[in-house]
Every structure is written in structure tokens, then in C-alpha cells.
Amino acid sequence: MAHETELKLFLAESAHRLFLRHPLLKQARRREVCRLVNLYYDTPELGLRTRGIALRLRAHGKLWLQTVKCAGQTAGGLSARPEWEIPYIGHFDFSGIDDAEIRSWLENEKVKARLAPVFETNFQRMAWLFEPVAGTRIELAFDRGWIAAAGRREAISEIELELIAGDATQLFALARALATRVAVTPAPLSKAERGYALFRGQAAMPVKATPVALTGDEDPASAFDRIALTCLDQLQRNYAGASTSDDPEYIHQMRVATRRLRAALRLFAPLLPAGYPEPIVIRLRDLMGILGQARDLDVLLAEIAEPVLGALPDEPRLAALVGIITERRFDRRRAAIDFLRSPRFGQIALETLEALHARSATAQVGAGETAVCLIAFANERLRRLRRKVLRLAAAARIDDPPSLHALRIGIKRLRYALEFFAPLARPKAMARMLGQLAALQETLGQINDLANAGDLLMDCAGEEGPLREAVTLIGGWHGPRYQELLAAVPRGLKQLGKLDLPKLRP
């Protein structure tokens, strides 16, 4: 059995020439070019896919190679997984697989007899061999071609950095050197994952946060590693949609992923090495600013201005102001897309992924870390966050928007922490508390959006009298709703004081 460790990077088709002129490629020990045709097999009900197994036949000159890969550790574009590769002799041979459970399942005649091709990948591979330091060899492969399944087809344009031998950190060093001149960003989806999605006809959709399986007796630092990498994975899985689609939910989910990662860094700070979170937070700050500006205009248009225009369609002042907001939204969105497609975003993503994997690989211990189990750590951190939320609730006043905003942030941080630790609690109790916190956070969020809308609207209106009158119309139309939201806050604060933290269990 071999262990494949690789870092996969997305490369836009428009950047091919720039990549091929990269000075780094001249440092390679050798260069090869070949055409790779791969057939991926599965049962009609996709039994292999369900078990995290990939079975591939690859044309290698006049010969074919059989490869079996299994699910391993994959996050944010970096993967490490077991694989078995042998010459294909006209029929599948699984005898060399040294995992008895996998071998037994694949050798079951009911499985073998039903294996059939489900999709094909066909691409040209240009490969360069690098030896960045003594004892380390890395293959940099540039793949361009297509994936075909069920009469559908989509393009392949990616770079794979595979560790042949030596130090895995050199994968990141090589990737960062590429990213200084070319926009590359970690790609979390393998060709197999994309092929299965194409086979199933699954349309691309924004990716929401997913829970991480935790156990109460595990090391809290280990839990942090997996939670943080899952946040980064969510960020990357929304990248393609955010940079190519007009659906605002992709950018929103990228912001959610970034906020969750920052929340995880803050939550687990006592266990992390001194100074560890700051460089990551600084990198993410630029990204949050760009995405935040685009998201603010999305909300202003869809939730503040357009409902009023829908209610008053014959009001020309409103139509003119909505037109300006739409143009401003387009400009902010274009700025966000340009940033996502720039080398800078790729550098942020790579540096963050490298920092998280370096902490996971070395298992560094911070000065304040103690040998506690995750249950004890989680309980202490949740109690601390709940106390802070109750202090903010006591200080909140409905006539003081900044105090309500501070409370909303506190609730959001508590909610993220509860979501991280949700696998350690009874589902119903956790769902009940999360639902109540989400409802109050949503109310406070709408209040915040309406409170901030005035400045944004006046900025769009400029000095034009009719446009300023349209701002007044929008404010008046939303006035009753704003008062209803404010009136709901005292009841929400009262309920908040009665919420007990769910009991965590091993």
C-alpha cells in the first residue's frame, strides 16, 4: 500500500499561459507530457462511493493500471489517503489490497459482477519533478482536459503537487512560490468527486457548515485542528460559485466560513501557541472586508430597497435610487470577484491552510495548555461565553444600537461554539438552544441592518434631492417593522436569561 499526499490547486483557464511562463518551472529536474484517460467504476447504486472507495483504470501507453483509493484525511485542498496500484490484466484483481475489510468487500462476487464505468476523465498532463531540498521530491502536474458522465461534460484545469518522498511542508513552499505570480487557490474537490456529481446531475450549490464528529475524551487541540480545517474547507468549497456565479449566497457562505474559523481560533486560544492565531486573523481580515462590502450591498438591495419598490412600483424616485444601489452592488461584487481571482486570495488561502496543517502535524502545545479532555474544556469555554452574553444582555438598550450590535456578536460567538460542540450533546436539547439563540440573533441582525441602512442609502443618494426623498420613503416604509423588531427584544432578552447550556456527554 502506498500513501498519496497531494495538494490540489485550481487554475483558471485564462491563466494557463501565465502559469507556463512561470520562472519556477525552469528549476525542475525534468519535464514530461502525456495524455491520461481514466475510467472510474462503481456499482449501479454507487456502493463504492458510499464506502469512500474509488476504483480507477488508467491508460498508461498501451497498458492499463488499476488503482484503488480510499477516503483519507482531506481538507482545504490537501489530502493524504491510502492507494493500491497494479497493472490491469483484463479483470479486476484486489488480492494485493492489505486492508482485509476493503479487500473482502471488493472481492464479493455480487459486487465485482456489477462494476461498470460511471464517468471518464480525459486530460493532458504536463509534469515537472522538483527536488527543493535534499531527500524531498515533488511532482508538479498541470492537468487540462475534461470530465464526462451521463452525457454531460465539464472542464479540468488544475495543478496537483504530489509528495513523492520527503518533507510534506515543501508542498506548501512550492505552492506559495507559484502563487506569487499566478492566481492559484486550494481546490477541495477531487476529479472523482466532480465526476460523481456530474454522473448524478447534481447542480452546484452554496455549501453550508457541517458538523465535525467529536468525542468527549479526545484532546481539545485535536478537536481544534479538525474544526478549523472544516471551516477552511467550507470557504474553499464556495470559492468557485462566488467567483463565477451571481448567486449572493456563495459570498455569504464564504463570510460564514471565515467567521467560524475566526471564532474557532478565539474559542481554542488558551490551547494554541502564543501568537499563533494573529497571522491567520490578519490574513482573513482583508478577505472579510472585501466580502463584507459585497454582502452589505446585497442586503441593502434585496432586503431594504427592493421590497419598498415592490410596494410602490410607480414611484420614480425609488426606481432611480434602486438603480443606483444596483450599480453600486455590481461594482462591489466585481471588486470581490476580482479579489477572489487575484493571486492575493490564493496566497491567503494557502498560507492559512499551511498554518493549520503545520499546527496539526507538529501538535504544538501552547503555554496555557493543560491535559484536559474535550468535555471539560468545552464546558468551561461555553460557561465563559454564556456569562459574557448575559453581561451584554444586561447592558443592552433598545435605544442604543451599538449595545444591541455587541449583544448580537456575543450571541453569534456562543452559537458558533455550541455548533462546534454539538456532537457532544443530546440533539434535541442542543437544537432547542441553538434555535432560540438563532431567533434572537436574527432579530438583532435585522435591527442592525436597518440601523445601518440609512448611511448606506444616503451615500447612494448623494446630494440629489429626489433621491434623498426616496431614502425618506424607504425609512418610513420600514419604520413599523423596525419598531416591531425593537419591541421583540425585551422578550428575547428575558428568554435568553432562562437558557441553560446543554449537558455535554462523552
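Scroll up a little and you will see the structure.
All figures in this text were calculated on a predicted structure; none of them were measured in a lab.

Could you clarify how one ought to interpret the packing of aromatic side chains in this entry?
What describes a pair of aromatic rings is the distance from one ring centre to the other and the angle between the planes of the rings. Inspection of the entire model under this criterion finds 12 aromatic pairs. Pairing Phe-268 with Phe-421 gives two aromatic rings, centres 6.0 Å apart and planes at 65°, and the pair type is edge-to-face. Of this pair, Phe-268 sits in the loop between helix 9 (248-267) and helix 10 (277-311) while Phe-421 sits in the loop between helix 14 (401-420) and helix 15 (427-461), and the two are 153 residues apart along the sequence. Classification of Phe-421 as buried rests on a relative accessible area of 0%. Following the ring pairs from residue to residue traces out a cluster consisting of Tyr-41, Tyr-88, Phe-92 and Phe-94. Lying over the aromatic face of Phe-123, Lys-191 brings its terminal NZ or CZ to 4.8 Å of the ring centre.

Please explain the environment of Ala-221 as it appears in this structure.
Relative to the helices and strands, Ala-221 is located in helix 7 (residues 220-237). Exposure remark for Ala-221: the relative accessible area of 4% places this residue in the buried category. C-alpha separation for the pair Ala-221 and Leu-161, spaced 60 residues apart in sequence, amounts to 28 Å.

Help me understand the nonpolar core, please; the structure alone is not making it clear to me.
Grouped burial of nonpolar side chains is what soluble globular proteins tend to show. Core analysis: the biggest nonpolar cluster contains 121 residues, and Phe-19, Leu-140, Ile-159, Leu-161, Leu-321 and Phe-421 have the highest contact counts within it. Leave out the neighbours within four places in its chain, and Phe-421 touches Leu-214, Leu-267, Phe-268, Leu-374, Phe-377, Ala-378, Leu-382, Met-430 and Leu-504. Membership of the second largest hydrophobic core comes to 15 residues, among which are Leu-55, Cys-70, Trp-84 and Phe-94.

Rules of the game
- Residues numbered from 1 in each chain as written.
- Predicted model: local features only at pLDDT ≥ 70, side-chain atom pairs only at ≥ 80, totals over all residues.
- Heavy atoms only, no water.
- Phe/Tyr/Trp six-rings, centres within 6.5 Å; stacked < 30°, edge-to-face > 60°.
- Helix = DSSP H or I, 4+ residues; strand = E, 2+ residues; numbered from the N terminus.
- Buried < 20%, exposed > 50% of the residue type's maximum accessible area, 1.4 Å probe, protein only.
- Lys NZ or Arg CZ within 6 Å of the ring centre and 35° of its normal.
- Core = buried A, V, L, I, M, F, W, Y, C linked by side-chain atoms within 4.5 Å.
- Contact = heavy atoms within 4.5 Å.

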